[in-house]
Amino acid sequence: MKKKRSLCAALLAGLMVTAVCLTGCGQKAADNGSSGADSDKVYQVGVCQLTQHDALDAATQGFVDALNTILGSEHVNIDVQVASGDSTTCTPIVNSFVNKKVDLIMANATPALQAAYNATTSIPILGTSVTEYGVALGLSDFSGTVGGNISGTSDLAPLTEQADMILELVPNAKNVGLLYCSAEPNSEYQVKVVEDYLSGKGITCTRYSFSDSNDVAAVTTKAAADSDVIYIPTDNTAASCTETIGSIVRSAKTPVVAGEQGICVGCGIATLSISYYDLGYKTGEMAAQILKGEADISQMPIEYANASKLYNADMCQELGITVPEGYTALEG
């Protein structure tokens, strides 16, 4: 993926801020005196996060907070590395963790999980912000528990309920555009489920896929012109390009129903979404159990979070969308 120098500088600055925030949270947990670890043990944990955006940042923060609270910050050393949106960078990051023989790896987003999965069969790996583990890891017999050294949490919200929201919020829609990154297998999975469901209701669905962030503007422009409403699944590339997408759909007056909260804040009218902070915190609780020897990762099923109907009040007002009861306004 081609990066402009200014973007790289912004990502580096964001990473420095993230590191400061994580250190501060660890100190806060230590001040609270919360510790469940052995008095002399310091666990080494590596975190590989695909990119910086609100959802993944929140998941990492929740994970760190959970470990610092449960184990005590003096008993855990957490090394957070961000791949700056380049999936190939996840491989050297997780390889460095393997070489350091960390006690556990947390993989934040599907490419990070795939890299960790290929790097080690012995170090425990917990995924988070991963939509469907069977798809991500190519498991034909996945039934809720991966086995081996892999477990984690899923950000999958009920996809048919998201599809129903499209019809509920834009009842006259006949053409639904499905906008997503073709390089993300979990996005393909979500799009297929929603496409099959809406097609069964007589709605015309058209896929508009981009291969990376360089194609987002052109593909979104086409989707906005051709569609009555656009659906964007939980998609890391889309999440990092919401400013571009938002500008285009606003100009075209085309509403977007999003798969997760961060995308909705940037360019959507509504979402059925989870709390990524809570998801990360749950992952941290699982990590603490593994590190303390209280759970066997090979027997730990994938955990899920509850989803809520949320709407973007400013975008709905701008596009003249009437929101029915049962939705909560997004903050920020």
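All of the points below concern the structure found in this document. (Residues numbered from 1 in each chain as written. Predicted model: local features only at pLDDT ≥ 70, side-chain atom pairs only at ≥ 80, totals over all residues. Heavy atoms only, no water.)

1. What about the sheet that holds strand S12 (residues 308-311)?
Stated precisely, the cut-off is as follows: Should DSSP find at least two bridges between two strands, the strands are regarded as paired. Secondary structure elements follow DSSP: runs of H or I no shorter than four residues count as helices, runs of E no shorter than two count as strands, and numbering proceeds from the N terminus.
With mixed pairing, the seven strands of this open sheet are ordered in space as S7-S6-S8-S9-S10-S12-S13. Strands at the two margins of the open sheet, each flanked by one partner only, are strand S7 (204-210) and strand S13 (328-329). As defined by bridge partners, strand S10 (residues 270-273) adjoins S12 across four bridges and the pair is classed as antiparallel. Opposite Ser273, over in S12, you have Ser308 as the bridge partner.

2. Looking at the packing of aromatic side chains
Defined as follows: The pairing test for Phe, Tyr and Trp rings, Trp by its six-membered ring, is centres within 6.5 Å, and the orientation test on the planes gives stacked under 30 degrees, edge-to-face over 60, and tilted for anything in between. For every residue, the accessible area obtained with a 1.4 Å probe (protein chains only) is divided by the maximum for its type, and the residue is called buried under 20%, exposed over 50%, and partly exposed between those limits.
Scanning all chains against the criterion turns up one aromatic pair. For the pair Tyr277 and Tyr281, a centre-to-centre distance of 6.2 Å together with 40° between the ring planes defines the contact as tilted. With Tyr277 and Tyr281 both in helix H12 (residues 276-291) and four residues apart, the pair spans about one turn of that helix. Of the residues examined, Tyr281 reaches a relative accessible area of 22% and is grouped as partly exposed.

3. Some remarks on the sheet that holds strand S4 (residues 125-130)
Sheets are built from strands that pair by backbone hydrogen bonding, the pairs being arranged parallel or antiparallel. We apply this condition: In what follows, residue pairs with any heavy atoms lying within 4.5 Å of each other are defined as contacts. The axes used here are C-alpha line fits, helices contributing only the stretch in contact, and every angle between their N-to-C directions lies in the interval 0 to 180 degrees.
On the basis of which strands lie adjacent, the open sheet formed by six strands has the order S2-S1-S3-S4-S5-S11 and parallel pairing. Across the chains shown, the open sheet's two edge strands, defined by having one partner strand only, are strand S2 (76-82) and strand S11 (303-304). Relative to S11, strand S5 (residues 150-154) is paired through two bridges, and the arrangement is parallel. Its bridge partner being in S11, Thr153 is matched across the sheet by Glu303. H12 rests against strand S1 (43-49), strand S3 (104-108), S4, S5 and S11 of the sheet, and its axis sits at about 170° to S4.

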